[in-house]
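# A look at the structure
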Amino acid sequence: MSMLRERAAATPATTQASPGRPRVWFRLAVTVAAALLIVLLTYVLPPFRTYQLATVGAYLCVTAGLTVLIGRNGQLSLGHGALMATGAYTLALTQNALAGDDFAAPGWALAVSVLAAVAVTTVAGAVVGLAAARLRGPYLAGLTLAVAVVVPSVTSTFDSVFNSDQGLPVVLNPPPGTVPMERWQAWLAWAGALLTMLLLTGLTGSRFGRDMAAVRDDETAARLAGIDVARTQVLAFVVSAACAGLGGALFALLAQSVSPGAFPLTLSLFLLMAVVIGGLGSLAGAAWGALLLVALPALAQSAGERAGSARLEGNLALAVFGVVLIVVMLAAPGGIQGALRRLGHTRPVREVARLIRHPKGGT
Amino acid sequence: MDRFVFLTFDGLSRGAVYAAFALALVLTWRAARVVNFAQGAMAVACAYAAYSVSAATGSYWVGLAVALVGGLLLGAAVERVVMRFVDHSTPLNGVVVALGLVLLIQAVLGMIYGNEFRPAAPPFSRGAFQIGGVALLSRFDLFVFAAVGVVLLLLALLFTRTGTGLRMRAAAFAPDVSRLLGVPVAGMLTLGWALAAAVGSLAAMLVIPTELGLHPTAMDVVFVSSFTAAVVGGLDSALGAVAGGLLVGLLLSYVSGYLGATVAPMAVLALLVVVLLARPGGLFARASARSA
Amino acid sequence: MTGTPAEQPAGTGTETLDTPLLEIRNLTAGYGAAPVLHEVDLAVPAGRIVAVLGANGAGKTTLLRAVSGLIRPSRGQILFDGRDLCTVRVEQMIRRGIAHVPEGRGVIVELTVEENLRLGGLWRGRRGAERAQLDEIYDLFEPLARRRRSPGHQLSGGERQMLALGRALIASPRLLLLDEPSLGLAPRVIAQTMELLRTLRDRSGMTVLLVEQNVHGALSVANDAVVMSLGRIAVRDSAARLRTDERLRHAYLGF
Ligand SMILES: Nc1ncnc2c1ncn2[C@@H]1O[C@H](COP(=O)(O)OP(=O)(O)OP(=O)(O)O)[C@@H](O)[C@H]1O
Ligand SMILES: [Mg+2]
């Protein structure tokens, strides 16, 4: 058994070993470049656009984590909206508890609150993940759907803590120096997003990433190769839950409030759509998805405003998301990233390209 | 004690609706091996159409007929236009496409009717009869039982007594062999979707008047409860779905009655988790892995 | 039947004055890109049993699947009664008079014996098979009569074989495609099955394309036989010749 596993793991490892080290530097370089770009953007964009940019960053944390779960490990979750809510509420509660009567928290409070949000969501993710690891296909989807619709029920039942439908305000200290609030929020959001991307690209390139892909492609074969299927699935869920918790916490910081209305079932469906459209399994696709999550509703809203219809305004984005989700699933399972790669515009990543051509896997 | 009796009858009435909706899920599952996550949205769309027609004609019954026929057509259309072209090599794809339909249908409903709750009047009074001082059932509850009972009976007759029912079962179990025997398998699949959607529409017509009214997302929570009911019943079994529906209805009624309405969704989640983890094949099934 | 003698190529022997009931010309077919069958020619005259023999993986099952439309040829023609079958949908084959008992028999195990049988006649319309037809099959296969209400998964291999055959016969087909009917059966049952095929041919003029691994059984009833190898027809001859010609047997059938 263990020999089988060694060999199964060794074959791809040898092909990746030599470019392995430069790849670390490459990833770091891309991250630094992206950070510089974001900082630059926050100086040239008007405040509203900067705020949207921040929102993209917060979404990216979640879509990246969900991409790993769905695309790499083959587990479908409709509960990530609820996990975001977990992170957001944890951040709100911690932040408000640390803040004094003057609604200003000590400097270190923000870091503690974000860490607490990630930690609590990770634990929640582990609980859901333990159940999820025993479920497949529609059963898993149904269970996570039930998790998603339970959010308002929890906030109303324990309203002394969560304050029902009104939700909670979130204390956010004024930014240091003369930095405007939006720019500060964008920095925070993108610090989280880039860190997430850096860690996740490392993770998917690691042995754990290959284990996940093996489990997704063929559970039986993975088990025969000595991979602990259940452990891999739970870990994948935990990782993606941690990302969702971070994303949720960042959302709370952006909105400076949390309420169940911000985490409806539709949010989970939006996240799913973003991941599918970006290209299942591709982390670069997750970035496209996050961008679309912000851009499409904005475009739809302005289209609705021009048409002068409030009903159109609120629903156009929803309709576009739905249609795009269906069309992409039927026509272009590779998503945006797959299409771009086919056009040769991005660095080809052989393993992901193979994944897109054979979504079910193979050798 | 009075309260318990009242909650029991109330739970059975709710449960009948969940049973019908779960049965619709089972019908699609058996015909196509797809859990139709869009069934709630499709049913709400039919209910909106029904109440529009009712408002225009002044007759609830014309509206109900529209809901049923609309369900048949919408179910057939969804299968013919969308689901048929999904690559079903992994169950993920069908689920994702169905969720895309949810977004699309809810958006279209919001555009046409707006995102406020609209009143949906029941055809019969919801005031409960008093028997010996205990509130038992309303006329509407009786209507619910009758409607669900008739549907169950008709479906049972269809599947056990008619050639078409036999064709549908054969096509679902063994498509290639059925084709060799002259069964139009694709047509049977469409028929299965159509029937399921019609049953789903009926369930929506029965549950919406008892809750907040018409809303694009009105069936989201009902979907979860009914999915739980179907899973409790084993997802493959019509009788199981009915039993599961009644069980979930009773559970929700007791939990809402004794612990508060906001606790109900948590109770459903708990039941779903327990059943999925402890009895993966459903409460009534020979055990089998949940690897659909 | 509809063919005129003038269209027949000269010198094909005495028996082919009519067009054959089934005629396969230059058939190339397979799964996906690579073909499994290469340029197969085969004629099955009406009222005869033609055995298709050959090693595992030779393409026998694929040949039957191509005839009944489950896979579509990339080249070539399949004519039934002089008319092209390649555009006919699978569901229509039984209405044309072609019944296919697939490899592994294709009993629908979730349905009862009687439901399986009724399914065989349902294409005729709403009523499906008449009581009399069902009874005829039960007379032919007595063990089935005792298990009418049993689900298919409770049947033994031999009973499944009877059920699959009975379900095909209820359609009164003109051409019966049988894929390894003797698989897993006791010698006595195999002999009975072959005897039944002989009777069907002789009494009702049924035409049978019989894929078999059981060479003795198949050659005992067949009029003609072909041996397939690697997707091609390697030998075609009368069954009697194959039975007796030691050289052919050694070369192609391995005994
Ligand atoms: N569904 C399929 N997809 C791809 N290749 C197939 C498929 N079915 C059969 N083949 C291939 O086609 C070839 C012929 O198979 P076929 O089933 O026709 O053989 P056969 O002569 O019936 O063998 P046997 O005696 O074992 O039943 C084999 O090489 C097989 O691997
Ligand atoms: Mg074969």
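Residues numbered from 1 in each chain as written. Chains lettered and ligands numbered in written order. Predicted model: local features only at pLDDT ≥ 70, side-chain atom pairs only at ≥ 80, totals over all residues. Heavy atoms only, no water.

You'll find chain C entered in an unreviewed UniProt entry as ABC transporter ATP-binding protein, with Mangrovihabitans endophyticus given as the organism. The Sequence similarities (unreviewed entry) comment attached to chain C in UniProt states, word for word, "Belongs to the ABC transporter superfamily." (UniProt positions renumbered as here; feature names shortened; annotations may be inferred.)

Under the annotation held in an unreviewed UniProt entry, chain B carries the name Branched-chain amino acid ABC transporter permease and is attributed to Mangrovihabitans endophyticus. Annotation of chain B in UniProt includes, under Subcellular location (unreviewed entry), the sentence "Cell membrane".

A tally of regular secondary structure across chain B gives 11 helices and 2 strands. Its helices and strands taken in sequence order, chain B reads α-α-α-α-β-β-α-α-α-α-α-α-α from the N to the C terminus. For a compact globule of 292 residues, the expected C-alpha radius of gyration is about 19 Å, and chain B comes in at 19 Å, within 12% of that figure. Counting only C-alpha atoms, chain B reaches 65 × 50 × 35 Å along its principal axes. Relative to its 292 residues, chain B shows a buried fraction of 57%. The contacts in chain B between residues at least 6 apart in sequence include a share of 70% that link residues at least 24 apart. On chain B, roughly 10,900 Å² of surface is accessible, and the fraction owed to carbon and sulfur atoms is 70%. Positive and negative side-chain charges in chain B, numbering 16 and 10 respectively, have mean positions lying 9 Å apart. (Helix = DSSP H or I, 4+ residues; strand = E, 2+ residues; numbered from the N terminus. Rg over C-alpha atoms; globule rule 2.2 N^0.38 Å. Buried < 20%, exposed > 50% of the residue type's maximum accessible area, 1.4 Å probe, protein only. Contact = heavy atoms within 4.5 Å. Areas by Shrake-Rupley, 256 points an atom, 1.4 Å probe, with all protein chains shown as cover. Lys, Arg positive; Asp, Glu negative; His and termini not counted. Charge placed at Lys NZ, Arg CZ, Asp CG, Glu CD.)

Moving on, we come to the UniProt feature "transmembrane region" (unreviewed entry) in chain B. Under the feature "transmembrane region" (unreviewed entry), the UniProt entry names residues 6-27, 34-54, 60-82, 94-114, 134-159, 180-207, 227-251 and 258-278 of chain B. Between the first and last C-alpha atoms of residues 94-114 of chain B the distance is 28 Å; the span itself is 95% helix and 0% strand.

This part covers the interface of chain C and chain B. Counting from both sides, the interface comprises 21 residues of chain C and, opposite them, 18 residues of chain B. In total, about 1,800 Å² of surface goes out of reach between chain C and chain B, with carbon and sulfur atoms giving 67% of it. Of all residues in chain C, the largest losses of buried area upon contact with chain B belong to E91(C), L119(C) and L122(C), amounting jointly to 28% of the total for that side. On the surface where chain C and chain B come into contact, there are 2 salt bridges. One salt bridge in this structure joins R179(B) and E91(C), with 3.9 Å as the shortest N-O distance. Our count for the contact surface shared by chain C and chain B stands at 3 residue pairs in polar contact (both at pLDDT 80 or more). Listing elements by their share of the side of chain C that touches chain B, those giving two or more residues are α2 (90-96) and α3 (113-121) of chain C. (Buried area = accessible area lost by both parts, 1.4 Å probe. Salt bridge = Lys/Arg side-chain N within 4 Å of Asp/Glu carboxyl O. Polar contact = N/O pair within 3.5 Å; in protein donor to acceptor, adjacent residues only side chain to side chain.)

Counting residues at the interface gives 48 residues for chain B and 44 residues for chain A. With both sides pooled, the region where chain B packs onto chain A buries about 3,900 Å², and carbon together with sulfur makes up 82% of that total. Contact with chain A buries surface across chain B, with L92(B), L103(B) and M111(B) losing the most and accounting together for 17% of the total. On inspection of chain B and its partner chain A, the count reaches 0 salt bridges. At the junction of chain B with chain A, the criterion picks out 5 residue pairs in polar contact (both at pLDDT 80 or more).

So, about the packing of helix α2 (residues 47-72) of chain A against helix α12 (residues 265-279) of chain A. Residue and element names in this part refer to chain A. It is at 9 Å that the axes of α2 and α12 come closest, and there the two elements cross at 70°. Viewed along their axes, α2 and α12 adopt a mutual orientation that is roughly perpendicular. Here the hand of the crossing between α2 and α12 comes out right-handed. Between α2 and α12, the contacting residues are Y59, V62, T63, L66, T67 and I70 on the first element and L267, L271, L272, A274 and V275 on the second. (Axes fitted to C-alpha atoms, helices over the stretch in contact; angles between N-to-C directions. Parallel < 35°, antiparallel > 145°, perpendicular 65-115°, else oblique. Left-handed = near helix turned anticlockwise from the far one by under 90°.)

Turning next to the sheet that holds strand β7 (residues 175-179) of chain C. All names here are of chain C. Strand order in this open sheet of 6 strands is β6-β7-β8-β3-β9-β10, and the pairing throughout is mixed. Edge positions in the sheet fall to β6 (98-101) and β10 (232-238), since each of these pairs with one other strand and no more. For this sheet, the mean angle separating the axes of adjacent strands, direction not counted, is 15°. Relative to strand β8 (residues 207-211), strand β3 (residues 49-54) runs parallel, the two sharing 4 bridges. Looking across to β8, one finds that A51 is bridged to L210. (Pairing = 2+ DSSP bridges.)

Attention now goes to the confidence of the model for chain C. Across chain C, the average pLDDT comes to 86, with 90% of residues at 70 or higher. What the predictor reports for the complex is a pTM of 0.86 with an ipTM of 0.88. (pLDDT = per-residue confidence, 0-100.)

With that out of the way, let us pick up the sheet that holds strand β4 (residues 75-80) of chain C. All names here are of chain C. With antiparallel pairing, 4 strands are arranged side by side in an open sheet as β2-β1-β4-β5. Looking at which strands have only one partner, the edges of the open sheet turn out to be β2 (35-44) and β5 (83-84). Two elements, strand β1 (residues 22-30) and β4, share 5 bridges in a ladder whose sense is antiparallel. By the bridge assignment, T28 is partnered in β4 with R75.

The subject of this paragraph is the confidence of the model for chain B. Looking at chain B as a whole, its pLDDT mean stands at 90, while 97% of the residues score no less than 70. Counting interchain partners and residues more than four positions distant, the pLDDT-below-50 stretch residues 287-292 of chain B has 18 contacts.

Here we take up the site of ligand 1. Residue and element names in this part refer to chain C. Within the structure, ligand 1 sits among 13 residues, and K60, T61, T62, E103 and Q213 are positioned closest to it. For ligand 1, an oxygen atom lies 2.5 Å from a polar atom in the side chain of T61. Note that an oxygen atom of ligand 1 is positioned 3.3 Å from one of the side-chain N or O atoms of E180. Looking at side-chain class alone, the shell around ligand 1 contains 4 nonpolar, 6 polar and 3 charged residues. (Near = heavy atom within 4 Å. Nonpolar A, V, L, I, M, F, W, Y, C, P; charged D, E, K, R; others polar.)

Those protein atoms acting as donors to the magnesium ion (ligand 2) are T61(C) (OG1) and E103(C) (OE), and they sit at 1.8 to 2.5 Å. Of this pair, T61(C) sits in helix α1 (residues 60-67) while E103(C) sits in the loop between β6 and α3, placing them 42 residues apart in sequence. (Donors = N, O, S within 2.8 Å, 3.2 Å for Na, K, Ca; no water.)

All names here are of chain B. Where helix α1 (residues 2-32) contacts helix α9 (residues 220-233), the axes come no closer than 8 Å and their chain directions differ by 70°. By the criterion of interaxial angle, the relationship of α1 to α9 is roughly perpendicular. The two elements α1 and α9 meet at a crossing, and its hand is right-handed. From α1, Y18, F21, A22, L25 and V26 reach across to α9, where they touch V222, F223, S225, S226, F227, A229 and A230. Looking at the contact of α1 with α9 residue by residue, the classes come out as 10 nonpolar, 2 polar and no charged.

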